[in-house]
Amino acid sequence: MNALLKSRLILLTALLCGATTLSAQDRQDRTVSVSGTGQVGVPVAFASIELGVESQAETATAAQAATAAKNQALIQLLESRNVQKLETRSIQLFPIYKRTKTEPENRLVGYRSSNIVSFRVEIPRAGEILDAAVKTGANRLQSLSLIAKDEDLAKARERALALAAKDARKKGDIILGALELEFKDIVRIDASQSTAGPVYRGRQVLETAAADSGAVTQIRGSEVNVQARVQMVIRY
């Protein structure tokens, strides 16, 4: 066998081996990606509230003093009602400037001070406590959200994840079955979760609470939704 023919045979053998190896690798790495979702509703039990007092005065000292006095009364009220997780969220003090057509330059006209607290209370008591807080001096509501018990949320997250995983696997089985392909194993799983519930912000709830009609502010809610998503890569 001459040298030229021998070199051609070696090259052909290498190409064939490479093709065989690549084909086997392709078969090994054949995958399909599927995603599944799961959702579980959880009854709400608490209202999580952020509210406080805001004052305005000509001097920083006067504004801060007015806010401090109202905030002290608000804290005393909330403590007497045995609310849960009471804590200060923010304290602010900043100048107020005014500009007019006749006075194009900013002119200092006063100071605004605020103190915001957060707390948690059972939903049936939330409206009455809001009304009492407004009468005490609260005039700024940051937010009011309805939440479920921590232990109920934990169980719901587990159920939502299980539902999402089963949904993803079911979709994978449907796809492979329709194409007459054989399931081998799962090579990757990614999961994410979120919780969505009703949130009320600011003026509307506070104005309802401040109305001098003798009626009690009503806070009602049904459930929050715990959602999970599972992304799965299946080898076949």
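Located above this text is the structure these notes cover.
Presented here is an overview of the structure given in this document. Because the structure is predicted, anything quoted here is derived from the model rather than measured.

1. So, the nonpolar core
Then, in step 1: By size, the foremost hydrophobic cluster in this structure holds 40 residues, and its most contacted members are I49, L51, F119 and V121.
Then, in step 2: If you list the elements that add at least two residues to this core, you get β1 (31-43), β2 (46-57), α2 (60-80), β4 (107-122), α3 (123-136), β5 (140-147), α4 (150-178) and β8 (223-235).

2. Considering unusual backbone geometry
Then, in step 1: Although it is not a glycine, K85 adopts a positive phi angle of roughly 55°.
Then, in step 2: Note on K85: relative accessible area 51%, which makes it exposed.

3. Overview of the packing of aromatic side chains
Then, in step 1: Considering all chains together, one arrives at 0 aromatic pairs under this definition.
Then, in step 2: Positioned over the ring face of F46 is R120, at 5.3 Å from the centre of the ring.
Then, in step 3: Above the plane of the ring of F183 lies R169, whose end atom (NZ or CZ) is 4.0 Å from the centre.

4. Notes on the side chain of S55
Then, in step 1: Along the polypeptide, S55 turns up in strand β2.
Then, in step 2: We classify S55 as buried; its relative accessible area is 6%.
Then, in step 3: Reaching out from S55, the side chain makes a polar contact with the side chain of T67 at a distance of 3.1 Å.
Then, in step 4: Sequence-distant contacts of S55, that is, excluding residues within four places in its chain, are made with A63, A66, T67, K70, Y111, R112 and S113.

5. Observations concerning α4
Residues lying three or four places apart along an α-helix face the same way, a consequence of the helix completing one turn every 3.6 residues.
Then, in step 1: Spanning 29 residues, α4 covers 42 Å between terminal C-alpha atoms, matching the ideal 42 Å at 1.5 Å per step.
Then, in step 2: Elements in contact with the buried residues of α4: β1, β6 (185-196) and β8.
Then, in step 3: Just beyond α4, the residue with positive phi is E180, at close to 55°.

6. Notes on the pairing of β8
Consecutive residues of a regular strand have side chains that alternate between opposite faces of the sheet.
Then, in step 1: When β1 meets β8, the two strands line up antiparallel, connected through 13 bridges. Paired with T37 across the two strands is R229, which belongs to β8.
Then, in step 2: Pairing analysis gives 11 bridges linking β6 to β8, with the strands arranged antiparallel. Bridging across to β8, D190 finds its partner in Q231.

7. Some details on the pattern of salt bridges
Then, in step 1: Tallying each qualifying case throughout the model produces 10 salt bridges.
Then, in step 2: Of the charged contacts, one joins E54 and R112 as a salt bridge, the two residues approaching to 3.7 Å between their closest N and O atoms. With E54 in strand β2 and R112 in strand β4, this pair connects stretches of sequence that are 58 residues apart.
Then, in step 3: Judged by relative accessible area, which is 28%, E54 ranks as partly exposed.
Then, in step 4: Taking relative accessible area as the criterion, R112 reaches 23% and is therefore assigned partly exposed.
Then, in step 5: Of the charged contacts, one joins R235 and D185 as a salt bridge, the two residues approaching to 3.1 Å between their closest N and O atoms.

What counts as what
Each residue is numbered by its place in its chain's sequence as written, counting from 1. With the structure being a predicted model, the display of local features is reserved for residues of pLDDT at least 70 and the display and counting of side-chain atom pairs for 80 or more, all residues being used for whole-chain, interface and lining totals. Side-chain metrics in this entry use all non-hydrogen atoms of the structure; hydrogen atoms and water are not considered. Definition of nonpolar core: a set of buried residues of the types Ala, Val, Leu, Ile, Met, Phe, Trp, Tyr and Cys, connected through side-chain atoms within 4.5 Å. Each residue gets one of three labels from its accessible area relative to the maximum for its type: buried under 20%, exposed over 50%, partly exposed in between, using a 1.4 Å probe on protein chains only. Helix and strand assignments come from DSSP, with helices taken as H or I runs of at least 4 residues and strands as E runs of at least 2, each series counted from the N terminus. Pairing of aromatic rings covers Phe, Tyr and Trp, the last through its six-membered ring, and needs centres within 6.5 Å; plane angles under 30 degrees mean stacked, over 60 mean edge-to-face, and all others mean tilted. We call a charge positioned above a ring when the Lys NZ or Arg CZ atom is no farther than 6 Å from the ring centre and deviates by at most 35 degrees from the ring normal. Polar contact is the term for a pair of N or O atoms within 3.5 Å; when the atoms are in protein, one must be able to donate a hydrogen and the other to accept it, and sequence-neighboring residues count only if both atoms are side-chain atoms. Contacts were defined at the residue level, with two residues in contact if any of their heavy atoms lie within 4.5 Å. To estimate how far a helix should extend, the number of its residues minus one is multiplied by 1.5 Å. Strands qualify as paired when DSSP identifies two bridges or more between them. Within this document, salt bridges are pairs made up of a side-chain nitrogen of Lys or Arg and a carboxyl oxygen of Asp or Glu, the two lying within 4 Å of each other.

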